Amino acid sequence: MTQSKNGTTSEEPKEEGQLIKSREGIYRLMRRLQVKHTPLKLRFDSVADHYTSMVLAVNFKEGYILLDEVTPKWGDELMAKAIPFHFDSYHDGCKISAEKLQAVGRAIKEDSPVYKVLFPTELHFLQRRQFFRASVRLSLNIQVRLGVKKPEIKRDEYDNIIPQSPTWEHDGLLRDLSAQGCQIEAKGDLRETLPKNTEYTSCYIIFPNGHLLDIGIAIRHVGYDEKRDVSSLGCQLINMDPKLDRKISFIVNELQRDNARSSSGNSSAPISELFLDASGKEPSKNTQPETEEETKELEKLTTEEVHHKAVRCVQKLVNSLRDKTALPIDEAWEVTDLLLEKLQKDRQELLLISRVRSSANYLYEHSVSVAVLLADQTMFNQDNPRSGDPSYLRDIIFAGLCHDLGKGLIPDRIVNKSGELNETEAKVMHKHSLLTREVLSRQQGMPAIALTLATQNCERLDGSGHPEHLKGISISPVGKLAAVIDVFDAMTNGRSYRAGLPYALAYKRLLAMRDKLDLASIQQLIKRQGLYPIGSLVAFENGDLAFVKRHDQNNHPSVVRLVFNKNTNQPLKHQDLKLAVLPDSKKKLLPEDPAKYQLLNDLLLNEL
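Along each chain, residue indices are assigned from 1 in the same order as the chain's sequence is written. For a predicted model such as this one, the threshold for reporting local features is a pLDDT of at least 70, and the threshold for listing and counting side-chain atom pairs is 80 or more; totals across whole chains, interfaces and linings nevertheless cover every residue. Values reported for side chains reflect all heavy atoms of the structure, with hydrogen atoms and water molecules removed beforehand.

Brief notes about the overall build of the protein chain
- Counting secondary structure elements, the protein chain contains 16 helices and 23 strands.
- Summary of the burial criterion: residues with accessible area below 20% of their type's maximum are buried, those above 50% are exposed, and those between are partly exposed, where the area comes from a 1.4 Å probe applied to protein chains only. Across the 608 residues in the protein chain, those meeting the buried criterion constitute 51%.
- Throughout, a residue-residue contact means that at least one pair of heavy atoms, one from each residue, lies within 4.5 Å. For the protein chain, the share of sequence-separated contacts (at least 6 apart) that also reach a separation of at least 24 residues comes to 60%.
- Exposure was quantified through the Shrake-Rupley algorithm and a 1.4 Å probe, taking into account, for residues, occlusion by the shown protein chains and nothing else. When the accessible area of the protein chain is evaluated, it comes to approximately 30,300 Å², of which 49% is carbon and sulfur surface. The secondary structure listing takes helices from DSSP runs of H or I that are at least 4 residues long and strands from runs of E that are at least 2 residues long, numbered from the N terminus.

With respect to the nonpolar core
- Leu339 and Ile396 are the most contacted members of the largest nonpolar core, which totals 62 residues.
- When residues no more than four places from it in sequence are discounted, the contact partners of Leu339 are Val306, Ala310, Leu350, Val368, Val372, Ile397 and Leu401.
- Grouped together as the second largest cluster of nonpolar side chains are 35 residues, Cys182, Ile205, Cys235 and Leu237 included. Think of a nonpolar core as a cluster: buried Ala, Val, Leu, Ile, Met, Phe, Trp, Tyr and Cys residues, connected wherever their side-chain atoms sit within 4.5 Å.

Considering the environment of His366
- Within the fold, His366 resides in helix H8 (residues 362–380).
- Distance in space between the C-alpha atoms of His366 and Val311 is 8.8 Å, their sequence separation being 55 residues.
- Contacts of His366, omitting those with residues within four sequence positions, involve Arg357, His403, Asp404, Asp486, Asp489 and Ala490.

With respect to the pattern of salt bridges
- By convention in these notes, a salt bridge is any Lys or Arg side-chain nitrogen within 4 Å of a carboxyl oxygen on Asp or Glu. Going through the model one piece at a time under the given rule, you end up with 27 salt bridges.
- Its salt-bridge partner being Asp376, residue Arg347 comes within 2.7 Å of it at the nearest N-O pair. Here Asp376 lies in helix H8 and Arg347 lies in helix H7 (residues 347–354), a separation of 29 residues in the sequence. An identical accessibility class is assigned to Arg347 and Asp376; each is buried.

With respect to the packing of helix H15 (residues 503–512) against helix H16 (residues 519–529)
- Whenever a helix is involved, its axis is fitted only over the stretch in contact; in every case the axis is a line through C-alpha atoms, and angles between N-to-C directions fall within 0 to 180 degrees. Packing of H15 against H16 leaves a shortest axis separation of 9 Å and a crossing angle of 165°. What the angle tells us is that H15 and H16 run roughly antiparallel. The two elements H15 and H16 meet at a crossing, and its hand is left-handed. In this structure, H15 uses Tyr507, Leu510 and Leu511 to contact H16, whose residues at the interface are Leu519, Ile522, Leu525, Ile526 and Gln529.
- Classifying every residue of the contact of H15 with H16 gives seven nonpolar, one polar and no charged. Under this scheme an angle from 65 to 115 degrees is roughly perpendicular, one under 35 degrees roughly parallel, and one over 145 degrees roughly antiparallel; angles in between are oblique. Each helix crossing is assigned a hand: it is left-handed if the near helix lies turned anticlockwise from the far helix by less than a right angle, otherwise right-handed if that turn is clockwise. Three classes are used, and their members are as follows: Ala, Val, Leu, Ile, Met, Phe, Trp, Tyr, Cys and Pro are nonpolar, Asp, Glu, Lys and Arg are charged, and the others, Gly among them, are polar.

Some remarks on H15
- Every buried residue of H15 is listed here: Tyr503, Ala506, Tyr507 and Leu510. Buried residues of H15, seen end-on, are gathered within an arc of 100° and therefore sit on one face of the element. Turned more than 90 degrees away from the buried face of H15, the exposed residues are Lys508 and Ala512.
- Summarising the contacts, the buried residues of H15 are in contact with helix H14 (477–492) and H16. Directions drawn from the helix axis to the C-beta atoms are what define this arc.

Quick look at the sheet that holds strand S20 (residues 544–551)
- Should DSSP find at least two bridges between two strands, the strands are regarded as paired. Ordered in space as S22-S21-S20-S19-S23, the five strands form an open sheet in which the pairing is antiparallel. Every interior strand has two partners, whereas the edge strands, strand S22 (570–578) and strand S23 (590–592), have only one. The mean inter-strand angle of the sheet, taken between neighbouring strand axes irrespective of direction, is 35°.
- Sheet topology note: the strand S19 (residues 537–539)/S23 ladder contains three bridges and is antiparallel. Each bridged residue has a counterpart across the sheet, and for Val538 the counterpart in S23 is Pro591.

As for the confidence of the model for the protein chain
- Mean pLDDT over the protein chain works out to 85, with 89% of the residues at or above the 70 mark.
- Of all secondary-structure elements in the protein chain, the lowest mean pLDDT belongs to strand S2 (residues 9–10), at 40, while H16 reaches the highest, 96.
- With pLDDT under 50 throughout, residues 1–15 is counted as low confidence; its partners more than four residues away or in other chains account for 14 contacts. Every residue gets a pLDDT, meaning the predictor's confidence in that residue, from 0 to 100.

Some words on the side chain of Glu254
- Considering the arrangement of structural elements, one finds Glu254 in helix H3 (residues 242–264).
- Given the relative accessible area of 8%, Glu254 is considered buried.
- What qualifies as a polar contact is a pair of N or O atoms within 3.5 Å, subject to a donor-acceptor requirement within protein and to the restriction that residues adjacent in sequence count only when both atoms come from side chains. Among the polar contacts made by the side chain of Glu254, one reaches the side chain of Ser272 at a distance of 2.7 Å.
- Among residues more than four places away in sequence, those in contact with Glu254 are Ser272, Leu274 and Phe275.

Some details on the packing of helix H5 (residues 303–323) against H7
- Packing of H5 against H7 brings their axes to within 10 Å, and their N-to-C directions diverge by 50°. Relative to H7, the element H5 lies oblique. Considering the relative orientation of H5 and H7, their crossing is right-handed. Every residue of H7 that contacts H5 at Thr303, Glu304 and His307 is listed here: Glu349, Leu350, Ile353 and Ser354.
- Residue composition of the contact of H5 with H7, grouped by class: two nonpolar, three polar and two charged.

This is the structure in structure tokens:
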């Protein structure tokens, strides 16, 4: 309660958000927490401490979840006694919470307890941007030592303490940090050395100024990049107390400030003491040898890392525009080169990753997807004399990344409105393309195609588009292509308030818009992306559902990942099938809607 000046009291303002009550909605959110290995913070009734666990499985048909063992260990007794609890969790910048839960069953799996918990009656879903993971820029080295062992105190004959150095099992570099966990990169393949749920009660995070943070972690996921010979460790913070919570929050804020400083190019902005060396200076990164090393590091990035870097770059561009600071144009060109390299090396892998989407990052991921599709369609169009021109492809990717920047200046209540915009709101929204062109026109060395796409992706053949109501031949060929791709990507990818359309239905609607969109560009898109695009869901005659993972040379599915059977309404053991080895009688495919079965295509990124 708060007291006003006149002495009356009022209730504290409650957090805003959505209450998800449908079984489908609850299943979808809990499934995300499972797939992303997101930790849950548990609090039991009448118990002051908090505990952590993770979602191991979600059963839609019977309406229950399986929770992993609870840490600290004595939480097992509370779960076994069916003490009521509630949980909070943070996923993609959103807070997901539920109350009045309790275990209805307990079992032992791989020598660890697991708990069956019925679906909550409702989930509270709240946007919490401050819980995004704060990434560490590549040029900032923050060392991590895993499994630190502190030696016993030894004294000499005069009872003086003999100095001794601790030892550790592995070392690596911090790549991101949040209030709940972190990502660490370490050399070598550690998938067998560090199995899931390996815990270290003492790990050191060492900052450039020598400041040391001693925390406990549990390894929740280990990925391995063969090309770089680097393991990526997804870790959950354990044994946290209020003092450590405050330290972590402070460091996350400093990392966010450091990213803003780096992306804006404002070298005069103050840098956190954490990131200065012992002499109080920023570690040098401008010498030629280190620049070459950074270039090599960029060349080693996986396709998934390049995509993540591109999404983050668009986010930085939008944030810089909102904050009225210098746009990180150099970084955008760097990302452009990386995307073009990956597109030329393995277009199917890049397309797959660009189709695994998060509604919280819609604007940024949409811009990257449009950039990739623009270049991919251009490379495919042999009638375009510049289809093989690297400098033109480079310009078109850059233009795609920047084509929606002006939306950063449109109020969120309009950009994210779930219903149809009224006349006043539509006029405000339509300003975003002119704002984009104006902002880009003030940047040095801006390619003309970026200014063209900023507005022409919103124009329509019949003059019903905006901002200049161009018709037919007044719209450039690349503008017509961009309009088709922009609509196609928006149709097929979900927002927080709706699921994306199945690709087959999106194609049908595009063809129905031939009075507004260029028919040749639509047909070219369908031919290049295939009737069953990479990332789409297909059904076999026996009811098995699978996501398309790769195409053959004719853009037909060649590798699919089995995930579900719609006849039994049960998940299948994930496996990748090569369609070429199947008999013809089993190769017949039909399009399916993943939203109908609450399936997410991010399953394609998981290792089997």
